[in-house]
Amino acid sequence: MIARPIVNGYPAAMSDATTVSLGGETVKATAAKFTMAAIGFLGTIVFARVLGPTGFGGYYLLFSLVKIADRAVNGWGTAVKKRYSEVDAPSGELIGSQGLFTLVWMALAIAAAAVASRWLVSYTGLPEAPILFVVLLFAVTLFEPLDLIVQARGRVGASMWTDTLRSVLTFPLQLGLIVLGFGAAGMAYGLAAATFLTVPVLWYFIRTRPVVPTRETVRNLWSYARYSVPNSFLGQAYDRFDIILLGYLLAPAAAGHYEVALKLTVPATFVTMAASSGLMARVSHRHSEGEPLGPDISNTLSFTSIIAIPMFFGAVAMPEQLVVTLFGPGYSAAATLLVGLAAYQVAKTQAGVLTSVLYGIDRPDSNTRISAVTLAINVVLGVALTLASGAIGVVVATVVAETLRYALSAAVVKRELSTVVLFPRTLGEQVAAGLVMVAVIVPVERAVAIDHWYQLLAIIALGAAVYGVTLAAISRKLRVTIRGVVRSSRL
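Criteria and cut-off values
- Residues numbered from 1 in each chain as written.
- Predicted model: local features only at pLDDT ≥ 70, side-chain atom pairs only at ≥ 80, totals over all residues.
- Heavy atoms only, no water.
- Helix = DSSP H or I, 4+ residues; strand = E, 2+ residues; numbered from the N terminus.
- Buried < 20%, exposed > 50% of the residue type's maximum accessible area, 1.4 Å probe, protein only.
- Contact = heavy atoms within 4.5 Å.
- Phe/Tyr/Trp six-rings, centres within 6.5 Å; stacked < 30°, edge-to-face > 60°.
- pLDDT = per-residue confidence, 0-100.

Trainee: Tell me about the side chain of serine 298, residues and numbers included.
Mentor: Relative to the elements of secondary structure, serine 298 occurs in helix H11 (residues 294-303). Taking relative accessible area as the criterion, serine 298 reaches 10% and is therefore assigned buried. Serine 298 has contacts with Thr419, Val420, Val421 and Pro424, leaving out every residue within four places of it along the chain.

In structure tokens:
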């Protein structure tokens, strides 16, 4: 066993991103994501029904603004994550720089919220919007940078399970506050409280004393952050543009319909989120030592859409049944958005991996240019199509923009790393298994009237079983990967 050196009274945070099993950590993280999703989805159903489209949509309009406002801190955190994962990183100085940056940004955000308080209230429909904005922003700017540092050490499973703990705490806190009469504000206060409670857990996995950074460290960080900060802004503006636009052009209720459809498709991204978090640190470490990268990237691309593909086929097969059965007839308009958002998630799962690769090989500048182009396309098409066709227009624009993001990212990755296989055979096998799944569940769905949630879940379970068995039967790579992950979990 290799002893970790002691720095400033703490064990040095040696980067172990290449010593852990990427497959094993991805499975742990994906399991955490599904646990988190089960809790979050239950909360979504309860809160969407209790608050209605207007209150539910108002909260998510506010949360979208918070996620835009925290991008500077997140972008600096991405730079810290990149440098932290490199060989001989000054870990204490990196954490110290993050703390100082967060304090300065929060001071600016509080001043901005005070100036824009009336607009925040009118836009979200929440009387407490300015206070909620500041409380939520402070919570996420503490949590997210520490989470990134845990990922930089390769501990993706620990990162995701800590986030799962946050979800476990969030649901009862939000529910209790709503029962006490806080309404949509209870969702914000509940999330903030749960986030503050889980920050010490992340710190347990870091345990590196913050140190005031030297000028050399700051310069080294800035050389990366000058791209990762605008990239974070552009990426989040892109991700949340749809709901922000719907709130501006239409109404909070339209944002509520969109958020319900989006929540149904979120599990499609779990493998990508888990794998990309560990992949960036792994690619960064190996790139800094000149080691080959192609196999890790190709393997990740093989499985990153393994959930998104069947979810797309399921959305195509029975969109209205999914929305109305779970959320009620008041959200029936969300059914038309579901198929488009499911298609968007398929493209996103592939593009997300390539974005992480570009960060890992020190090409944040490419991500900046790609993000700027895709955001511009999304804005122009989104406004035009929303005015012409309503909420479905912004979804169509997002599908087009995300497909473009994938194509541009794939071109850059292939140019930089010619050994990467962008279209692994496993992807085609997943599409084939998805088609078999549809061929089975469509006749069943038409033969059985779906009036209750348990009938819907039975059909979903049948589809998942057909997809899983079919894919395992036709994909040798999947069987080999499962055996490898099981072996690594036993070690």
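Trainee: An account of the packing of aromatic side chains is requested, with residue identities and associated values reported.
Mentor: This structure, assessed with the given rule, holds 15 aromatic pairs. The interplanar angle of 80° and the centroid separation of 5.3 Å between the aromatic rings of tyrosine 204 and phenylalanine 205 together place this pair among those described as edge-to-face. For tyrosine 204, a relative accessible area of 49% gives the class partly exposed. When the ring of tyrosine 224 is compared with that of tyrosine 359, the centres are 6.2 Å apart and the planes differ by 40°; the resulting orientation is tilted. Of the two residues, tyrosine 224 sits in helix H8 (residues 215-249) while tyrosine 359 sits in helix H14 (residues 335-360), which places them 135 residues apart along the sequence. When sorted by exposure, tyrosine 224 lands in the same class as tyrosine 359, which is buried. Members of the aromatic cluster, each reached through a chain of ring pairs, are Phe56, Tyr59, Tyr60 and Phe63.

Trainee: Tell me what's going on with the confidence of the model for the protein, and back it up with residues and numbers.
Mentor: The predicted model of the protein averages 85 in pLDDT, with 90% of residues at 70 or higher. Long-range and interchain partners of residues 1-15, a stretch whose pLDDT sits below 50, account for 27 contacts in this model, where long-range means more than four residues apart.

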